[in-house]
Amino acid sequence: VAANMVRIASDVGQRVHDAAQPILWIRGVIASLVLLIFAGLVASGFATRLEVDHLTWVEFIQVLEAGMNDVVLIGAGVFFLFSFESRIKRRRAMEALDELRALAHVVDMHQLTKDPRISCGKVHPAVPDDDPVMALDDLARYLDYCSEMLSLIGKLAALYLQRFDDSVVLSAVNEIESLTTGLSRKIWQKLMILYAER
């Protein structure tokens, strides 16, 4: 599990760097589409020759309403295009954060069977398994390492906010930090029992 965390941690720096970099092909497509829309508006303005002096108020209001609808629709389209890049970056960050969340659960799952009362000989395992009972010092070290790994997972998640400001990513990072803090608290309760039994 620790080796897997090291592999993920070595990728975090590159992923955070990539999140800060613009996706050039998307920006090129956006610029091309905005230029095409603008050129289309100019061309349609020249193609439509209205005689303004023969325009009635009703016709003027109809033309104005159609123009405002076009501006609103074009504005919505441009907004969608500009938000497309951040949605791609958000999806990538969320996939990486899901990987960290899963890793935190794996750390928690591995230490669930490590009961300090069993190592002290006070309680026998409910279901005998093939795992040998850990010595007190080894169990204390093991639980301490699990707690440190959870802390590092929370810090790795926080790195995604360093150069990518997004409310959805912020919420996911806060959730991971709360998760790792809660799991670490459970481990420290085991450590307190272990030290009390010594």
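Criteria and thresholds
Residues numbered from 1 in each chain as written. Predicted model: local features only at pLDDT ≥ 70, side-chain atom pairs only at ≥ 80, totals over all residues. Heavy atoms only, no water. Phe/Tyr/Trp six-rings, centres within 6.5 Å; stacked < 30°, edge-to-face > 60°. Helix = DSSP H or I, 4+ residues; strand = E, 2+ residues; numbered from the N terminus. Buried < 20%, exposed > 50% of the residue type's maximum accessible area, 1.4 Å probe, protein only. Core = buried A, V, L, I, M, F, W, Y, C linked by side-chain atoms within 4.5 Å. Contact = heavy atoms within 4.5 Å. Salt bridge = Lys/Arg side-chain N within 4 Å of Asp/Glu carboxyl O. Axes fitted to C-alpha atoms, helices over the stretch in contact; angles between N-to-C directions. Parallel < 35°, antiparallel > 145°, perpendicular 65-115°, else oblique. Left-handed = near helix turned anticlockwise from the far one by under 90°. Nonpolar A, V, L, I, M, F, W, Y, C, P; charged D, E, K, R; others polar.

Caption draft 1: Seen up close, the packing of aromatic side chains. Tallied over the entire structure, the rule returns 1 aromatic pair. Their ring planes at 35 degrees and their centres at 6.3 Å tell us that Phe80 and Phe84 sit as a pair that is tilted. One end of the pair is Phe80 and the other is Phe84, both in helix α3 (residues 57–111) and 4 residues apart, which spans about a single turn. A relative accessible area of 45% means that Phe80 is categorised as partly exposed. Overall, Phe84 belongs to the partly exposed group, its relative accessible area being 31%.

Caption draft 2: Spatial organisation of the nonpolar core. Leu97, Leu100, Ile153, Tyr160 and Val169 are the most contacted members of the largest nonpolar core, which totals 31 residues. Ranked by residue count, the leading element in this core is helix α5 (residues 136–158), at 9 residues. Excluding its chain neighbours within four sequence positions, the residues that come into contact with Tyr160 are Val12, Arg15, Val16, Ala93, Ala96, Leu97, Leu100 and Val169. If you look at the next biggest cluster of nonpolar residues, it comprises 5 residues, including Ile23, Ile26, Ile30 and Leu81.

Caption draft 3: Structural detail: the pattern of salt bridges. Scanning the model with the defined rule gives 11 salt bridges in all. Among the ionic pairs, Arg7 bridges to Glu99, the shortest N-O distance being 3.3 Å. Placement of the pair is Arg7 in helix α1 (residues 2–20) and Glu99 in helix α3, with a sequence separation of 92 residues. Between Lys186 and Asp108 there is a salt bridge; the shortest N-O distance is 3.6 Å. With Lys186 in helix α6 (residues 167–197) and Asp108 in helix α3, the pair connects residues that are 78 residues apart, well separated along the chain. Connected through shared salt-bridge partners, Arg7, Asp11, Arg15 and Glu99 make up one network.

Caption draft 4: Up close: the side chain of Asp108. We classify Asp108 as buried; its relative accessible area is 10%. Setting aside anything within four residues of it in sequence, one finds Asp108 in contact with Leu183 and Lys186.

Caption draft 5: Layout of the packing of α1 against α5. One way to put it is that α1 packs onto α5 with a least axis distance of 11 Å and a crossing angle of 20 degrees. In terms of their interaxial angle, α1 and α5 are classed as roughly parallel. Of the two elements, α1 crosses α5, and the hand of that crossing is left-handed. The residues of α5 that touch α1, namely those facing Ala2, Met5, Ala9 and Val12, are Met149, Leu152, Ile153 and Leu156. Across the contact of α1 with α5, the residue classes tally to 8 nonpolar, no polar and no charged.

Caption draft 6: Main features of the environment of Ile37. Here Ile37 lies in helix α2 (residues 24–47). Accessibility expressed as a relative area gives 29% for Ile37, which makes it partly exposed. Sequence separation between Ile37 and Gly77 is 40 residues; the distance between their C-alpha atoms is 10.0 Å.

Keep in mind these numbers describe shape, not what the thing actually does.
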